[in-house]
Amino acid sequence: MVRRPYPTYLDQTYPQTAAVWRALRELRPNPPGYAGTGARQKLFSAALEQSEQLFTAAASVGPASRPLVLFYGLSQAGRAIAACAPVPADKCRLNGHGIAAANMDQSDLGSVTVKDKGAPGTQSFTQVAAMLGSRSLPEEARLADVWASISEVSLWPLQSTTRPQLSVSRETHQVDASTLQAMVSGLPGNLQDHAGPQDREQAVRVWLADYPSLAGYRFRSTGAVPDSGPESWDSMQGTIGCRLVWDVVGGEEAAERRFEEIAPWKGRSLSGSTRVIHARFGGDDREIHPLLAWWAVLYTLSMLARYQPGQWTAQIDVNRSKDAVALEYLLDSALAAVPELILAAIDEVTT
């Protein structure tokens, strides 16, 4: 007998997401990786069933309760990821969140902070981060900064975001084979208000210092005039872009490797040769896995909804909160984006 796929609501409202859940369901009779037999198989199947039911429930409730259900749906999926990961049996049974939120009484939502608990053991957040080769959050990170690292919601940042996600577009028409050249877009427009080129260059350098993957660049000079400051262009929503150059040895292959180091793909491509990068936050300069960024944000929002319900209700009130629409957008986006990342993460830890 063929079992009817569970998420009937998602079938009607999010057909692509329903297909992702069907793909996850297909894994359960013969789980991948280390979850093929015994206790791990039971853990894998049970955790994914709970995760699916929780995401289905999240789709039917509003923003007042949705972060609670979404986070626990993701947390259970983390247990399924751990079950099939190549770790010892005592490390695949996750205990505790492994992450904590602070400053939750802030009226500015973006200033709420999140930090891992630094416990190696079997703490969920830190263990899944290690399994996925992701950075963690050994130091406090502002919610606004973690939010800005999520590609799916980058167009709807929190109002207090100071270091947004940037796009890096490789310029493939360049003639000089000894360099990698790229347009980096999304910088604040007021950086070009400085009068002289040297002042403008210094302002851009200071601002880009929080994007460690760009290290080693130089500005492409304007025309034939050396040290004339970065070339820039106007973009949407008051932002600018500037052309950066990195010296490479080894021609096209070396340039391609350097571009991958600067902006790893990891499903974070906007289109073609355009990638996205995020700023330094949380005391770890490595790339944060997209699933872990969602994990940190949904955990923080769930803690606000659970322990600060009055404040949370005010935050999602479109008549009072400057971040209400962004919150609605993120909570809607999570229904589609997170299941895809769960499926991808299972593939990553088993291949």
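Keep in mind it's a predicted model, so treat the numbers as computed, not measured. (Residues numbered from 1 in each chain as written. Predicted model: local features only at pLDDT ≥ 70, side-chain atom pairs only at ≥ 80, totals over all residues. Heavy atoms only, no water.)

Would you explain the nonpolar core in this entry?
When a protein is soluble and globular, its nonpolar side chains tend to lie buried together. In terms of nonpolar packing, the biggest core is built from 74 residues, with Leu291, Trp294, Leu298, Leu301, Leu330, Val338 and Ile342 touching the most fellow members. Of all the secondary structure elements, the ones that give two or more residues to this core are α2 (15-27), α3 (38-59), α4 (66-84), α5 (124-131), α6 (143-148), α9 (290-307) and α11 (324-350). For Ile342, the contacting residues outside a window of four places in its chain are Leu24, Ser51, Phe55, Leu74, Ala77 and Leu291. With 27 residues, the next largest nonpolar core counts Leu191, Leu214, Ala254 and Ala279 among its residues. (Core = buried A, V, L, I, M, F, W, Y, C linked by side-chain atoms within 4.5 Å. Buried < 20%, exposed > 50% of the residue type's maximum accessible area, 1.4 Å probe, protein only. Helix = DSSP H or I, 4+ residues; strand = E, 2+ residues; numbered from the N terminus. Contact = heavy atoms within 4.5 Å.)

Is there a simple way to explain unusual backbone geometry in this structure?
Apart from glycine, the bulk of residues carry a negative phi angle, and the bulk of peptide bonds sit in the trans form. For Asn103, which is not glycine, the phi dihedral falls at a positive 60 degrees. Owing to a relative accessible area of 34%, Asn103 belongs among the partly exposed residues under this scheme.

Mind showing me how you'd approach the environment of His289 here?
Structurally, His289 is set in the loop between β10 (274-277) and α9. On the basis of relative accessibility, which here comes to 3%, the residue His289 falls in the buried class. Sequence separation of His289 and Ser136 is 153 residues, and the distance between their C-alpha atoms is 9.1 Å. Dropping the residues within four chain positions of it, His289 is found in contact with Leu132, Ser134 and Glu348.

Even after reading the chapter, I still don't get the side chain of Ser160, so can you show me in this structure?
Assignment of secondary structure puts Ser160 in the loop between α6 and β4 (166-170). Within polar-contact distance, the side chain of Ser160 engages the side chain of Asp108 at 3.1 Å. Once residues lying within four places of it in the same chain are set aside, the contact partners of Ser160 are Asp108, Gly110, Ser111, Arg142 and Ala144. (Polar contact = N/O pair within 3.5 Å; in protein donor to acceptor, adjacent residues only side chain to side chain.)

Looking at this model, I keep getting lost on the pattern of salt bridges. Mind explaining?
When charged atoms on two side chains of opposite charge get close, those side chains can pair. Counting across every chain of the model gives 18 salt bridges. Between Asp247 and Arg218 there is a salt bridge whose closest N-O contact spans 2.9 Å. In this pair, Asp247 is assigned in strand β8 (residues 239-247) and Arg218 in strand β6 (residues 218-219), connecting sequence segments 29 residues apart. Relative accessible area serves as the criterion here: at 54%, Asp247 is assigned to the exposed category. Here Arg320 ties to Asp317 by a salt bridge, and the two come within 2.9 Å at their closest N and O atoms. Through salt bridges with shared partners, a single network forms among Arg25, Arg28, Glu49 and Glu52. (Salt bridge = Lys/Arg side-chain N within 4 Å of Asp/Glu carboxyl O.)

Would you take a moment to explain the sheet that holds strand β3 (residues 141-142) for this structure?
Within a beta sheet, neighbouring strands are joined by backbone hydrogen bonds and run either parallel or antiparallel to one another. The strand order β1-β2-β3 describes an open sheet built from 3 strands, whose pairing is antiparallel. Pairing within the sheet leaves two strands with one partner each, and these edge strands are β1 (99-102) and β3. Pairing geometry for β1 and strand β2 (residues 113-116), over 4 bridges, is antiparallel. Its bridge partner lying in β2, Ala100 is registered against Lys115. (Pairing = 2+ DSSP bridges.)

It is not clear to me how α11 should be interpreted in this structure. Could you clarify?
For an α-helix the count is 3.6 residues per turn, leaving residues at separations of three or four pointing the same way. Over its 27 residues, α11 runs 38 Å from end to end, which matches the ideal 39 Å to within 8%, given 1.5 Å per residue. In α11, a bend of some 45 degrees at Ala334 exceeds every other bend along the element. (Expected span 1.5 Å × (residues − 1). Bend = angle between axes of the 7 residues up to and from the residue.)

Teacher, can you tell me more about the packing of aromatic side chains here?
Each aromatic ring pair is summarised here by two numbers: the centre-to-centre distance and the angle between the ring planes. Using the criterion set out here, one finds 8 aromatic pairs in the structure. Each ring, one from Trp21 and one from Phe55, has its centre 5.6 Å from the other, and the planes form 55 degrees; the classification is tilted. With Trp21 in helix α2 and Phe55 in helix α3, this pair connects stretches of sequence that are 34 residues apart. The class of Trp21 is buried, set by a relative accessible area of 0%. Its relative accessible area of 0% is what places Phe55 among the buried residues. Between Trp156 and Tyr329 the ring centres are 5.7 Å apart and the planes differ by 40 degrees, which places this aromatic pair in the tilted class. Separated by 173 residues along the polypeptide, Trp156 in the loop between α6 and β4 and Tyr329 in helix α11 bring together distant segments of the chain. Assessed through its relative accessible area of 38%, Trp156 is described here as partly exposed. (Phe/Tyr/Trp six-rings, centres within 6.5 Å; stacked < 30°, edge-to-face > 60°.)

What am I meant to see in the confidence of the model for the protein here?
Per-residue confidence for the protein gives a mean pLDDT of 85; residues scoring 70 or more make up 86%. In the model, residues 1-11 has pLDDT below 50 throughout and makes 24 contacts with residues more than four positions away in sequence or in other chains. Per-residue pLDDT stays below 50 along residues 223-229; that stretch engages in 11 contacts with residues further than four places along the chain or on separate chains. (pLDDT = per-residue confidence, 0-100.)

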